[in-house]
Amino acid sequence: MAKLKLAVYWTAACGGCDMAMLDMGERVLELDRVADIVLWPLVADFKYSDVRQMEDNAIDICLLHGAVRNEENRQMAELLRQKSRVLVALGSCACFGGIPGLANFFDRQEIFTWVYLESQSTDNAGGVCPQTSARVPEGELTLPEFFDTVLTLDQVVDVDYYIPGCPPTTEMLWQAIQTLTGDQLPPKGTVFAGSKTLCDRCTRQKEGKSITGFRRLAAVDIDLQRCFLEQGIVCCGPATRSGCGGRCLRANMPCRGCFGPTEHVRDQGARLVGAIAAMIASDHREEIEKISHLLPVPDDPAATFYRFSLPHSLLKRKRKENAS
Amino acid sequence: MPERIGVYVCHCGSNIAATVDVRQVVEQAAKWDSVVVARDYKYMCSAPGRELVIKDIRELNLTGVVVASCSPRMHEAMFRGVLEEAGLNGYLLEIANIREQCAWVSLPGAGATAKAVALTRAAVKKARLNQPIWEREIPVNQATLVVGGGIAGIQAALQVANAGYLVYLVEREPYIGGHMAQFDKTFITLDCATCILTPKLAGVERHPNIRLMTCSEVVQVDGYVGNFRVRVKTSPRYIHEASCTGCGACERACVLWDSIPAEFDEGLGRRGAVYVPFPQAVPLKARVDGKNCLYLTTGNCRRTCVTACQRGAIDFDQKETVSEIAVGSIIIATGFDVFDPGVEPRWGYGRYENVITGMQFERMSNASGPTLGKILLADGTEPRRVAVVHCVGSRSKKYHRHCSRVCCLSSLKFAHLVREKTGAEVFEFYTDLNIFGKQYDEFYHRVREEGVHFIRARGTEVTEIDGQLAVCAEDVELGVYREIPVDMVILNTALIPRHDAEKVSRLFGISRSSDGFFMESHMKLDPVTTFMNGIYLAGCCQSPKDIPDSVAQGAAAAAQALSVIARGKVSLSPVTARVTEELCSGCRICLRTCPFQAISFDQAAGTAEINEAVCKGCGCCSAACPAGAIDITHYGTGQLLAQIEGVCGNEDKD
Ligand SMILES: Cc1cc2nc3c(=O)[nH]c(=O)nc-3n(C[C@H](O)[C@H](O)[C@H](O)COP(=O)(O)OP(=O)(O)OC[C@H]3O[C@@H](n4cnc5c(N)ncnc54)[C@H](O)[C@@H]3O)c2cc1C
Ligand code: SF4
Ligand code: SF4
Ligand code: SF4
C-alpha cells in the first residue's frame, strides 16, 4: 500500500496542539510507517510555494489547528482545503474559535488601540498600528489583514472531521489518526470525542442540582467526591462534550469547557447560563438575584461560559455598533 | 417531497385590515420559498374561509398551512380540525398571530405591515419543518375530587354524584358549608341561609356516591387528567364519628367550656375544647381542638368529657392519617378569606368594641348565633344608629385592588336586617354602588324605601368624639365633610384569596391572577378550567362572587368533570418534551425545572425520564438541559431557530 501523505498546519493557535502531537512519543515514528509528512512547520521548514505547487488533493490528510484570525490564515485554510482529500479541524481553536475567539468580544479597532497604543507597557510615540500595506524607502511592505471577527475553520472552508480539545489528548489523537489512516473513513462531520457531555463520564457523586449559593474554588474546602456544581462551584461539564477523560476533574479542577458543546447544541455558553440559572434553588426574585451575585463570574461571564466557543456560538461576537 | 405551503391572511373584519395592509402581506408571502398559494379573506374562521383552505389543500396538494390571524388560543384547535377535514395532520398548521401581537398593538402603517410580514414569514419557516404528530388517548378514572365544601364545592359534588359517579369531598374544617353556613339571611330573597343550605348539606352526607372527608387537606397531587393520584391528610377529631350523635354533652362537661372564642361565631361566642361547631353542622359530630385541650396539651385533665359522653365516643388515641385516592378530575372550591380591618387604625376595628365585621354581624343576626339573633351592642342594649362601611380593604390601592362584588348587596342586607330587628337608623357609607345581579337593583330601591340613608363617602374614618362613636367622611355628593354619631359600625370587609392560596396553587400546579385568586384558562370563554387539564375551579377561589354565581360555577365545574368521564378517555397533547437518551449525561439539572413534576431520574439507565402524560410542553427543561438532550415535539430547536430567522430576516429575502 502506498504511504499516505500527511500535513499538519497551524493558523491562529498557541501551538499546544502541535505539542500534543509530539506528546504521542514513539507513536510518531509509528505514524511515519503509514504516512509521509509532507508539511509540518513545527518539525520541518517549508515555503508557501511548496504547497501551491502541489496538485489538488495531493495531501491525503491535513490536520489544521488554529482559528482564522487574519487573511493569511484564511488563504492557507483555502489552499490546504484545495490540496487535501481530508481536512481535519484539530483542537478547540479550529473547531470553535478557542481562546483566540474570545477576541470577538472586542472590535479590531479596540484591540489595536489597546495593544499598540494604550497598554502600559507600550511605547509607540508615532502611534503606528498594523496596516495591510506601507510604503518604506525600500518599496512596499504588506501584512495580512487582521479580521474584525475571529472565525472557526468551518466558517471559512468545508471541514471533514473534528478533533476538539485544548489541546486534544494524545490518546484521542492517536485513535483519530489510526482511524483516518485506516481502510474505512467514518461519516463526514464525525467528531473524534464522546457524544454525551462530560457529566456522563464524571465519577463524582451526583444527587441533585439545587444551589443556594455559588463559591470560588479557591475559597472553599471542597468535597473531593461530590459533583462540583452541587457544591456551588461552576463546572462546565454538563455543557461540554466528553472525550477528554476528565483530566481536569481528576486533578480536582472543574471542567472549563474546552471540548465544546455536543452535536445538538449551537451555543455552549447560553446552555450553561440556562443550566446554571435552573439550578438556583429559589423562586423569589430577590433571593435569586442575591444568589446570582455570588456567582464568581459577574465580571467576566464570557470567559467562564464562552471560554472556548464564542465564534462557533449563535452569539458569535459582540454586537457591531453600526449593525443594521 | 418539497413542501407546499398555503398562506391565508385574515382581515378579521377591520380588526387586522385597518392596521395592516393585508394585500401586501399576501403579495410578499406569495414570493417565499415553498409557498404555493397566498390569499386573504375577510374572516378566515367563517365557513367560507375554512372552505377556502380545505379546497386548496385538496386541489393544490398542500403539505402545510399558515393562517395569519388572531391568537392561536382563539382558533388553533378549530383550524387544526380544518386541516384534518381535508386529510392533513392538524399539526401541519401554523398560526401567525397578527392581531393581538401586531394589529392591536401597533399604529396603522408600513411598520405594522412589516411586522405582520415578519410574523407570517416566521410561521412559514416553521411550517416547513412541522411534522405530522398525533394526540394519544388514555382511559380516565371516573372518580372526582372536590376540594373545599363550601356552597360551590357542595354543588359540584352533588351534581357529579347525582350523575352516578364517585366523589371525594375534602374539607379542611370539621364541617361543610363554608361561609354560607355562618350567614343569617341571604340577599336578595332574604331566605334563611341555613334553611336553604341544610338540604344540600344533608344531601352530601347521605349520598351513596359521596365520600366526605372533613378535617382533611390534600398534601400531594401526582398524575394528570384522567389519572390523578392524591394524598389526603386527615387530622384526628379524637371522636369516633360512628358513635358520636352530636348531642354536645361533652362540650358542656369540658372544663374549658365557654372559654375559647368560637371560630364559627367569629369570636363573638365561646366554646369548649371539645365542641360541636353549630347545631346544624354536617357531619353533626364533636371535635376535640388539639391546640386547646388540656389533656392533649399537658396530659393533665380530669377528662370530664369522657365521663359525660354516654356513647364512649371520645378517643384520645386517634392519630393523623394519610389516605391515597385516585381520581380523574379535580374541582377546587376553596373559597375566600375575609380581610382583617384591624390592620388600619382608621376603621377602628379592635379599638372600639362596637365596631364589628360583616361576618360578625351575620353571626349576631343568626338565630342560633351568640346573641340568638338579636342585634346588640357590647353592653347588651340595642343600637339606635348603625353605620355600614363598604369597600373595607376592597378597591383600594393599599390593600386589594379588586371589587369584592358581594359587599354592596350584603351591606343592603345588613341595613334591612338592622331596621327590621331594631328600627335603628342606618347609614350606608359607600364609594360606588356596584349592584348588578338579577333583581338586585329592585332590592336596593326596597332598602332605600325602608328609610336607609346612603352617603357616597370618601376617606371614611371611624373614631370617637367625646366618648361617642362616630363615622367621619367627605360626603362626595353634598361636597361637605360629615361626622355621624352612631352606636355600631359594621365594616364590610373584602373577600380576599385564602391565606394559603399560594401553597394550594403550587400543590395543584395552577396559576393565580394578579389579584391572587386562582386563574382560569380564559377570563371570558373558559372561566372554569385551569391551565392544568382536569383541574377545574368553582366559587370564590377564582374570584369573589355571590351564592348564585358560586352555585352556577360549581355546576359548570361538575359538567367539565362529567364530560371527562363521559368521553371515557382523554387526549394528551403530543406537544411534549422528549429526552434523547444518547445525549443525556445524567447531570440532573432538568429535574427541578419542571413545574409539573414530569421529570424523574432513571437510576439504572443514568438518564432523565419524562412522563409524557404529565408533561405540558412548557419547555423549561429543554431550555435548562445543557446537553441539548431535551427537545419539545413541534417546537424543536430547529423549528424555533427557523422562526427566529423568519422574524429577523430581510424583507425581500426569503
Ligand atoms: C359577610 C358576607 C355576606 C355575604 N352574604 C351573601 C348573601 O347574602 N348572598 C350571597 O349570594 N352571597 C353572599 N356572600 C358571598 C358568599 O359568601 C359566597 O358567594 C360563597 O360563600 C362562596 O362559596 P364558596 O364555596 O366559593 O367558598 P366558601 O364559602 O369560602 O367555602 C370554601 C370551603 O373550602 C374549605 N377550604 C378552604 N381551603 C381548603 C383546603 N385547602 N382544603 C380543604 N378545604 C378547604 C373551607 O373550609 C370552606 O368550607 C357573602 C359574603 C360575605 C363575606
Ligand atoms: S458538573 Fe462537573 S463535576 Fe458535576 S458531574 Fe458534571 S462534570 Fe462532574
Ligand atoms: S439536563 Fe439534560 S443531560 Fe442533564 S439529566 Fe436532564 S436531560 Fe440529561
Ligand atoms: S417541557 Fe419539560 S419542564 Fe415543561 S412540562 Fe414538559 S417535562 Fe416539564
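Computed from a predicted structure; not experimentally measured.

This part covers the overall build of chain B. Helices and strands together make up the secondary structure of chain B, namely 16 helices and 33 strands. Looking at chain B as a whole, 55% of its 654 residues are labelled buried. For chain B, the share of sequence-separated contacts (at least 6 apart) that also reach a separation of at least 24 residues comes to 68%. As displayed, chain B offers around 28,100 Å² of accessible surface, 50% of which is attributable to carbon and sulfur atoms.

Helices and strands together make up the secondary structure of chain A, namely 11 helices and nine strands. For chain A, with 324 residues in total, the buried portion stands at 49%. With an accessible surface of roughly 16,400 Å², chain A has 51% of that area assigned to carbon and sulfur atoms.

A word on the packing of aromatic side chains. Inspection of every chain in the model, using the stated rule, returns 17 aromatic pairs over all chains. Taken together, a centroid distance of 6.1 Å and an interplanar angle of 80 degrees make the contact between A:Tyr9 and A:Phe46 edge-to-face. Of this pair, A:Tyr9 sits in strand β1 (residues 4-10) while A:Phe46 sits in the loop between β2 (35-39) and α3 (48-53), and the two are 37 residues apart along the sequence. Look at A:Tyr9 and you get buried, because its relative accessible area is 5%. Plain terms: the ring middles of B:Tyr175 and B:Phe278 are 5.2 Å apart, the flat faces sit at 90 degrees to each other, and that makes the pair edge-to-face. With B:Tyr175 in the loop between β7 (167-170) and β8 (185-186) and B:Phe278 in the loop between β15 (274-275) and β16 (287-288), this residue pair connects regions lying 103 residues apart in the sequence. For the pair formed by B:Tyr175 and B:Phe278, the shared burial category is buried. Grouped by ring-pair contacts, the aromatic residues A:Phe112, A:Tyr116 and A:Phe146 constitute a single cluster. In this structure, B:Arg271 packs its charged tip against the face of B:Tyr275, placed 4.0 Å from the ring centre. Cation over ring: B:Arg303 sits above B:Tyr295, and NZ or CZ is 4.2 Å from the ring centre.

Residues and elements named next belong to chain B. If you check the shell around ligand 1, you find 39 residues, and the closest are Glu171, His179, Lys413, Lys545 and Ile547. Note that an oxygen atom of ligand 1 is positioned 2.8 Å from one of the backbone N or O atoms of Cys540. Measuring from an oxygen atom of ligand 1, one finds a side-chain N or O atom of Ser550 at 3.3 Å. Relative to its free-state accessible area of 990 Å², ligand 1 is covered by the protein chains to the extent of 98%.

Cut-offs applied
- Residues numbered from 1 in each chain as written.
- Chains lettered and ligands numbered in written order.
- Predicted model: local features only at pLDDT ≥ 70, side-chain atom pairs only at ≥ 80, totals over all residues.
- Heavy atoms only, no water.
- Helix = DSSP H or I, 4+ residues; strand = E, 2+ residues; numbered from the N terminus.
- Buried < 20%, exposed > 50% of the residue type's maximum accessible area, 1.4 Å probe, protein only.
- Contact = heavy atoms within 4.5 Å.
- Areas by Shrake-Rupley, 256 points an atom, 1.4 Å probe, with all protein chains shown as cover.
- Phe/Tyr/Trp six-rings, centres within 6.5 Å; stacked < 30°, edge-to-face > 60°.
- Lys NZ or Arg CZ within 6 Å of the ring centre and 35° of its normal.
- Near = heavy atom within 4 Å.
- Polar contact = N/O pair within 3.5 Å; in protein donor to acceptor, adjacent residues only side chain to side chain.

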